Amino acid sequence: MTLRKHLAGLLAVASLLAASAVIAPAMADTIASKIEAQGEMTFLKITGLRQAVRNGLLSIQAEVTNEYEGQQTMYYRFRWLDASGFSVWDDEPWKPVLFHGKDKQLIQVVAPTPQATDFRLVVQSPENKTSPASTW
Amino acid sequence: MNLSISPSLGKAALALSLVAILGGCATTGSPVVGGNVQYGDSKAVETVTNQFGSTDLQTIAESMTRSLLQSAVITRGNRPLVTVADVKNKTSEYIDTRSITDSIRAQMLKSGSVRFAVDNDAMQSQTDELIRQNQTGMYKKSTTKKIGKMEGADFRLEGNITSIVKQSSSIKDVYYKFSLVLVGIESGVIEWADEKEIRKTSSR
């Protein structure tokens with residue numbers, strides 16, 4: 001009985017937390033709000049991000065800087081969302097990018113469909129502080 | 001029948017469920033049959049060998065589609081009718097170029113900005129069906145699709161894939177170039193062209 005009470009309490013706390021997460025005010029359009037880094041990238045930093053709508057399609061340009069002297073690899077893909085936050089496109093293939101020492105690269109993409117009004121840039125670098133679980 | 005649980009059994013059950021909750025060590029049988037096969041991520045970057053692979057196919061199709069979506073003839077918004085001609089494989093490997101153009105076509109159609117006409121490969125089944133409906137006398141007149149109503153494509157997609165392979169005693173370098181053009185069929189004018197380059201290096 002006491003266990004059940006405890007569980008009920010836990011559930012209540014969890015649902016409260018979930019509710020507050022939903023009610024939380026909309027995040028400002030900061031770079032961080034658009035990036036989903038799988039583990040914190042140690043050497044590669046997203047130093048710029050801009051978006052514009054051209055011909056009805058969302059265009060994104062991300063500037064990524066390698067702060068390391070040697071070469072670095074980054075894997076990335078975009079998630080395309082509509083105004084309600086639903087995904088409007090299939091999973092994109094992961095794309096590898098090679099950075100030379102102290103290199104800066106621009107990643108330019110166009111949304112695959114006019115329905116996409118928002119996006120997330122998912123990035124992963126093998127030399128992250130915390131590597132995510134392997135996708136294999 | 002007496003269904004009440006004996007105190008000791010109840011305690012044991014409580015202890016077991018506690019262990020299951022806290023430790024999370026209960027193993028639930030997965031809906032899997034068989035042995036050493038694992039399903040992987042079909043979108044993962046494949047680096048098994050440096051031959052043409054799934055990541056190359058996917059990234060080529062994606063970058064071509066995105067570029068094509070921005071071409072002037074498609075952004076006009078009148079959903080032009082396109083057909084797929086051949087992409088010639090000029091590499092030393094076997095590559096199913098139809099698979100690349102199929103992906104491009106699927107993504108373009110999904111974006112809703114173009115329509116595609118039946119291409120050469122599927123033309124035989126298209127004409128077979130029309131002829132069967134019209135000439136065998138087996139179909140209701142009202143449902144028979146008329147001959148002479150097929151729409152001619154405005155543009156055709158065609159291209160090449162080439163490769164340069166270099167090898168030393170320790171390094172193998174492969175460079176692929178996929179080029180695609182969109183040709184106006186009436187005018188013969190190339191309305192759009194783009195390339196995607198891929199470099200893969202492996203050391204042994």
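The rules we used
Residues numbered from 1 in each chain as written. Chains lettered and ligands numbered in written order. Predicted model: local features only at pLDDT ≥ 70, side-chain atom pairs only at ≥ 80, totals over all residues. Helix = DSSP H or I, 4+ residues; strand = E, 2+ residues; numbered from the N terminus. Contact = placed C-beta atoms within 7 Å. Nonpolar A, V, L, I, M, F, W, Y, C, P; charged D, E, K, R; others polar. pLDDT = per-residue confidence, 0-100. Core = buried A, V, L, I, M, F, W, Y, C linked by C-beta atoms within 7 Å. Buried ≥ 20, exposed ≤ 12 C-beta atoms within 10 Å, placed from the backbone. Expected span 1.5 Å × (residues − 1). Arc of directions from axis to C-beta. Pairing = 2+ DSSP bridges. Axes fitted to C-alpha atoms, helices over the stretch in contact; angles between N-to-C directions. Parallel < 35°, antiparallel > 145°, perpendicular 65-115°, else oblique. Left-handed = near helix turned anticlockwise from the far one by under 90°.

A. Summary view of the environment of A116 of chain A. Residue and element names in this part refer to chain A. Structurally, A116 is set in the loop between β6 (104-110) and β7 (118-124). On a C-alpha basis, the gap between A116 and Q72 in space is 30 Å, while along the polypeptide they are 44 residues apart. If we skip the residues at most four places from it in the chain, A116 touches L58, W80, L81, D82, V88, W89 and A111.

B. Main features of the interface of chain B and chain A. At the junction of the two partners, chain B supplies 19 residues and chain A supplies 16 residues. Looking at the side of chain B that touches chain A element by element, the count peaks at seven residues for helix α2 (residues 54-69) of chain B. A breakdown of the residues in the side of chain B that touches chain A according to their chemical character gives four nonpolar, 10 polar and five charged.

C. Molecular detail of the confidence of the model for chain A. Residue and element names in this part refer to chain A. Residues at a pLDDT of 70 or more form 74% of chain A, whose mean pLDDT is 81. Counting interchain partners and residues more than four positions distant, the pLDDT-below-50 stretch residues 16-26 has zero contacts. Here residues 131-136 is a poorly scored stretch, pLDDT under 50, and it has eight contacts once near neighbours within four places are set aside; other chains count.

D. Molecular detail of the nonpolar core. In this structure, M74 of chain A together with I60, A61, M64, L68, I100 and Y176 of chain B are the most contacted members of the largest nonpolar core, which totals 44 residues. At six residues, α2 of chain B tops the list of elements feeding residues into this core. Every residue in contact with I100 of chain B, bar those within four places of it in the chain, is listed here: L57, I60, A61 and V87 of chain B.

E. Representation of helix α4 (residues 97-111) of chain B in the model. Residue and element names in this part refer to chain B. Compared with the 21 Å implied by 1.5 Å per residue over 15 residues, the 21 Å span of α4 between its first and last C-alpha is a close match. Within α4 the residues assigned to the buried category are I100, T101, I104, R105, Q107, M108 and S111. One side of α4 holds all its buried residues, which, seen down the axis, span an arc of 170 degrees. Tucked into the core, α4 has its buried residues touching α2, β1 (81-89), β2 (115-116) and β3 (155-167). Remark: G112 follows α4 within two positions and exhibits a positive phi of approximately 85 degrees.

F. Representation of the pairing of strand β4 (residues 72-81) of chain A within the structure. Residues and elements named next belong to chain A. Here β4 shows one buried face, formed by Q72, M74, Y76, F78 and W80, and one open face, formed by T73, Y75, R77, R79 and L81. With five bridges joining them, β4 and strand β5 (residues 95-99) adopt antiparallel strand pairing. Opposite T73, over in β5, you have L98 as the bridge partner. Alignment of β4 against β7, held across seven bridges, turns out to be antiparallel. Paired with R79 across the strands is R120, a residue of β7.

G. Representation of the packing of α2 of chain B against α4 of chain B. All names here are of chain B. Their axes nearest at 9 Å, the elements α2 and α4 cross at an angle of 40 degrees. Taken together, α2 and α4 sit at an angle that is classed as oblique. In this structure, the crossing between α2 and α4 has a hand that is right-handed. Two secondary-structure elements touch here, α2 through L57, I60, A61, M64, T65, L68 and L69 and α4 through S99, I100, S103, I104, Q107, M108 and S111. Broken down by class, the residue content of the contact of α2 with α4 amounts to nine nonpolar, five polar and no charged.

H. Structural context of the confidence of the model for chain B. For chain B, per-residue confidence averages 89 on the pLDDT scale, and 88% of positions sit at 70 or higher. For this predicted complex, the interface confidence comes out at an ipTM of 0.77, alongside a pTM of 0.79.

I. Here's a closer look at α2 of chain B. In this model, α2 of chain B (16 residues) spans 22 Å end to end at C-alpha, consistent with the 22 Å of a helix rising 1.5 Å per residue. Within α2 of chain B, the full set of buried residues consists of D56, L57, Q58, I60, A61, E62, S63, M64, T65, L68 and L69 of chain B. The secondary structure elements touched by the buried residues of α2 of chain B are β3 (57-66) and β6 of chain A together with α3 (72-75), α4, β4 (171-184) and β5 (190-203) of chain B.

J. Spotlight on the sheet that holds strand β2 (residues 44-54) of chain A. Residues and elements named next belong to chain A. Strands sit in the order β2-β3-β6 across an open sheet of three strands; the sheet is antiparallel. This sheet does not close on itself; its edge strands, each paired only once, are β2 and β6. Between one strand axis and the next, the sheet turns by 15 degrees as a mean value, whatever way the strands run. Taken together, the seven bridges between β3 and β6 define a ladder with antiparallel strand orientation. Of the residues in β6, the one forming a bridge with S59 is V110.

K. Structural detail: the sheet that holds β3 of chain B. Residues and elements named next belong to chain B. Pairing is mixed in the open sheet, where five strands are placed in the order β2-β1-β3-β4-β5. Unpaired on one side and paired on the other, β2 and β5 mark the two borders of the sheet. Across 13 bridges, β4 lies against β5 in antiparallel orientation. Bridging across to β5, K172 finds its partner in S202. α2 contacts β4 and β5 of the sheet and is inclined by roughly 155 degrees relative to β5.

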